[in-house]
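Listed here are the chains, written in short residue letters.
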Amino acid sequence: MKHAKIDVSQLELDDSVVAIKRVTKVVKGGRNMRFSALIVVGDRNGHVGAGIGKAAEIPEAIRKAKEDAIKKLVTVPINENGSIPYGYTGEFGSAKVLLKSAPEGTGIIAGGPARSVLELAGYKNIRTKSLGSNNKQNVVLATIEGLKSIQDPEEIARLRGKSVAEILN
């Protein structure tokens, strides 16, 4: 479906730091402190990705996470209202994110982790509800999974051999 390779050099990507946390590994000589960063990147025009990076310093962790996010960019459908064509539930781990299309003027109604994904993807009107786990990493990945799974009505019509009007009515 939308698994064509995305040419990153053409895109102007913005990024958003969703979470930075200190992680500890207990070793023989004591504790090893490192930082883990969760970053979302997008061009605000239908491309979005999330990445995780871990390093001894915060800037290095952010750089690694941004590189990871760019590798994982996906294309998501946006309709003329700046919303999604139909409601869908994205799942990742035990996190579920309910995505609902919204009319013009609604804005982005979403919690923290899901909001950053939707803003960087380019949505203007969308409603969401985070269900299940509230782990930031899983909520971000569930949101992207849900958006990635939504198909354009044109594609559904083509697969079924019908017109778009028949599908929508």
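Residues numbered from 1 in each chain as written. Predicted model: local features only at pLDDT ≥ 70, side-chain atom pairs only at ≥ 80, totals over all residues. Heavy atoms only, no water.

Engineer: Residues and numbers for a positive patch on the surface, please.
Structural biologist: Together, K25, R34, K54 and K64 make up a positively charged patch on the protein surface. With respect to the helices and strands, R34 occurs in strand β2 (residues 30-42). (Patch = residues over 30% accessible without salt bridge, like charges linked within 9 Å, V, L, I, M, F, W, Y side chains within 5 Å. Areas by Shrake-Rupley, 256 points an atom, 1.4 Å probe, with all protein chains shown as cover. Salt bridge = Lys/Arg side-chain N within 4 Å of Asp/Glu carboxyl O. Lys, Arg positive; Asp, Glu negative; His and termini not counted. Charge placed at Lys NZ, Arg CZ, Asp CG, Glu CD. Helix = DSSP H or I, 4+ residues; strand = E, 2+ residues; numbered from the N terminus.)

Engineer: If you had to explain the sheet that holds strand β6 (residues 95-101) to someone new, which residues and values would you point to?
Structural biologist: Taken in spatial order, the four strands of this open sheet run β5-β6-β8-β7, and their pairing is mixed. A single partner strand is all that each edge strand has here, and the edge strands are β5 (88-92) and β7 (108-109). Bridge count for β7 against strand β8 (residues 126-132) is two bridges, and the pairing is parallel. Counterpart to I109 in the pairing with β8 is R127. (Pairing = 2+ DSSP bridges.)

Engineer: Account for helix α1 (residues 58-71), naming residues and giving values.
Structural biologist: Between its first and last C-alpha, α1 extends 20 Å over 14 residues, near the 20 Å set by a 1.5 Å rise per residue. Turning to α1, its buried residues number three or more, namely A61, A65, D68 and A69. The buried residues of α1 occupy an angular sector of 100 degrees when the element is viewed end-on, so they sit on one face. Opposite the packed face of α1, turned more than 90 degrees from it, sit the exposed residues P59 and K71. Its buried side turned inward, α1 meets β2 and β3 (47-55). (Expected span 1.5 Å × (residues − 1). Buried < 20%, exposed > 50% of the residue type's maximum accessible area, 1.4 Å probe, protein only. Arc of directions from axis to C-beta. Contact = heavy atoms within 4.5 Å.)

Engineer: Let's hear about the nonpolar core: which residues, and what values?
Structural biologist: Side chains of a nonpolar character, in soluble globular proteins, are inclined to be buried together. With 27 residues, the main nonpolar core has V40, V48, Y123, V140 and L147 as its most contacted residues. Every element with two or more residues in this core is listed here: β1 (14-27), β2, β3, β6, α2 (112-121) and α3 (136-149). Residues contacting V48, with those up to four places away along its chain left out, are V40, V41, G42, K72, L73, V74, V76, V117, A121 and I144. Judged by nonpolar contacts, the second largest core, of ten residues, contains I6, L11, A37 and A65. (Core = buried A, V, L, I, M, F, W, Y, C linked by side-chain atoms within 4.5 Å.)

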